[in-house]
Amino acid sequence: MEKKVAIRNLSFEQLKAEMLAAGEPAFRAKQVYEWIWKKAARSFDAMGNVPKTTREWLSEKFSLQIVTTAEAQYSSDRTIKSSFQLHDNNLVEGVLIPTRERVTACVSSQVGCSLTCSFCATGYMDRKRNLESFEIYDQVVLIRDQAQEKYGQALTNIVYMGMGEPLLNYANVLKSIEQITSPEGLGMSPRRITVSTAGIAKMIQKLGDDQVKFNLALSLHAANDTKRNQIMPINESNTLDVLKAALLYFFDKTGNEITLEYIVFNKFNDTLEDARELYEFAKGIPCKINLIEYNPIAQSSFVNAEADAIAKFSAYLESKRMIVNIRRSRGRDIDAACGQLAGKKAPVVDA
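Residues numbered from 1 in each chain as written. Predicted model: local features only at pLDDT ≥ 70, side-chain atom pairs only at ≥ 80, totals over all residues. Heavy atoms only, no water.

If you look the protein chain up in an unreviewed UniProt entry, it shows as Probable dual-specificity RNA methyltransferase RlmN from Aquirufa esocilacus. Under Sequence similarities (unreviewed entry), UniProt gives the following word-for-word description of the protein chain: "Belongs to the radical SAM superfamily. RlmN family." Word for word, the UniProt comment on the protein chain under Subcellular location (unreviewed entry) is "Cytoplasm". (UniProt positions renumbered as here; feature names shortened; annotations may be inferred.)

Asker: Could you give an account of helix H5 (residues 170-181), with specific residues and numbers?
Answerer: An ideal rise of 1.5 Å per residue puts 16 Å on twelve residues; H5 measures up with 17 Å between its terminal C-alpha atoms. Along H5, the positions that sit buried rather than exposed are Tyr170, Asn172, Val173, Leu174, Ser176, Ile177, Gln179 and Ile180. The inward-facing, buried residues of H5 contact helix H4 (133-151), strand E9 (157-160), strand E10 (193-197) and helix H6 (201-209). (Helix = DSSP H or I, 4+ residues; strand = E, 2+ residues; numbered from the N terminus. Expected span 1.5 Å × (residues − 1). Buried < 20%, exposed > 50% of the residue type's maximum accessible area, 1.4 Å probe, protein only. Contact = heavy atoms within 4.5 Å.)

Asker: Would you mind going over unusual backbone geometry in detail, with residue names and values included?
Answerer: In this structure, Gln211 is a non-glycine residue whose phi angle is positive, near 50°. Within the secondary structure, Gln211 is located in the loop between H6 and strand E11 (215-219). The phi angle at His221 is positive, at roughly 70°, despite the residue not being glycine.

Asker: Account for the side chain of Glu261, with residues named and values stated.
Answerer: Mapped onto the elements of the fold, Glu261 is located in strand E12 (residues 258-263). In this structure Glu261 is buried but unpaired, with Arg327 as the nearest side chain of opposite charge at 7.7 Å. Separated by 2.8 Å, the side chains of Glu261 and Ser196 make a polar contact. Not counting chain neighbours up to four residues away, the residues in contact with Glu261 comprise Met161, Ser196, Ala217, Leu218, Ser219, Leu220, His221, Asn290 and Ile292. (Lys, Arg positive; Asp, Glu negative; His and termini not counted. Salt bridge = Lys/Arg side-chain N within 4 Å of Asp/Glu carboxyl O. Polar contact = N/O pair within 3.5 Å; in protein donor to acceptor, adjacent residues only side chain to side chain.)

Set out below in structure tokens:
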């Protein structure tokens with residue numbers, strides 16, 4: 001039996017060519033394409049205005065390879081973590097983060113991760129494969145629907161901060177953003193999308209060359225090479241000087257917002273000297289700084305810095321006229337917080 005083609009890997013022109021070759025009228029391709037993307041159809045049978053004979057032909061030749069929600073857990077702070085099952089039974093995790101100001105979907109870009117950051121649960125997994133663009137798209141759709149169904153709120157923001165390193169799945173990540181922002185897709189503004197990287201300088205420069213419209217976040221977490229090498233091995237081949245040059249190049253090419261993410265670990269990177277080093281790195285880069293509470297994981301001995309240390313750290317940066325936000329932990333009680341996603345099965349907790 002001939003292997004089915006993943007229909008969502010086809011462009012509109014490719015789909016139209018397939019359908020014309022099968023004797024279908026051109027307008028039918030537009031209908032099917034709209035069902036696939038704008039209406040996020042979960043099956044060919046759901047395509048109500050497409051004739052049954054056409055739907056049967058579609059299901060014989062093509063597969064949708066939809067992502068489904070395997071499990072969902074609900075935090076006391078309204079955060080929802082979902083375990084998403086892919087067509088090959090691999091699992092990834094995504095998170096719905098509702099606040100007063102916004103409703104954010106945090107999505108994954110890889111099954112596992114190859115970067116082995118010592119403080120991150122995903123870093124202790126093997127990287128099994130990259131996600132297809134439509135698998136990332138499906139996570140956004142499922143989280144969007146979750147926000148509407150559970151809280152009656154519309155999705156406002158998307159962050160590529162889940163499992164995996166987005167810039168090591170460059171083509172599919174950019175394609176997914178193109179689909180999410182397209183009027184034929186979800187029609188979201190690229191200004192409401194942030195891609196977070198552990199720091200791959202040549203790919204940050206490529207984002208600049210491609211003149212992307214979305215925002216960029218760098219997971220920094222230490223502002224001297226010795227400390228950063230300890231917790232993020234990627235730094236050995238992408239030193240802070242190289243990263244800073246790449247960020248400046250990116251901003252020069254795009255003018256897009258840059259965020260420096262800095263998890264504050266107790267007695268590791270939480271002193272005023274650490275704050276001074278962060279300032280030295282950040283000055284000259286048009287950026288804001290997010291100081292992030294750490295969420296402990298079983299594999300690591302790191303713990304969150306004391307509140308007083310974080311307050312002093314923030315005050316120092318603000319005295320240097322840096323834009324600083326302290327990001328409080330969300331979804332910690334269900335292992336949904338920053339650094340805790342590990343694709344592990346957990347009991348479903350009713351809402």
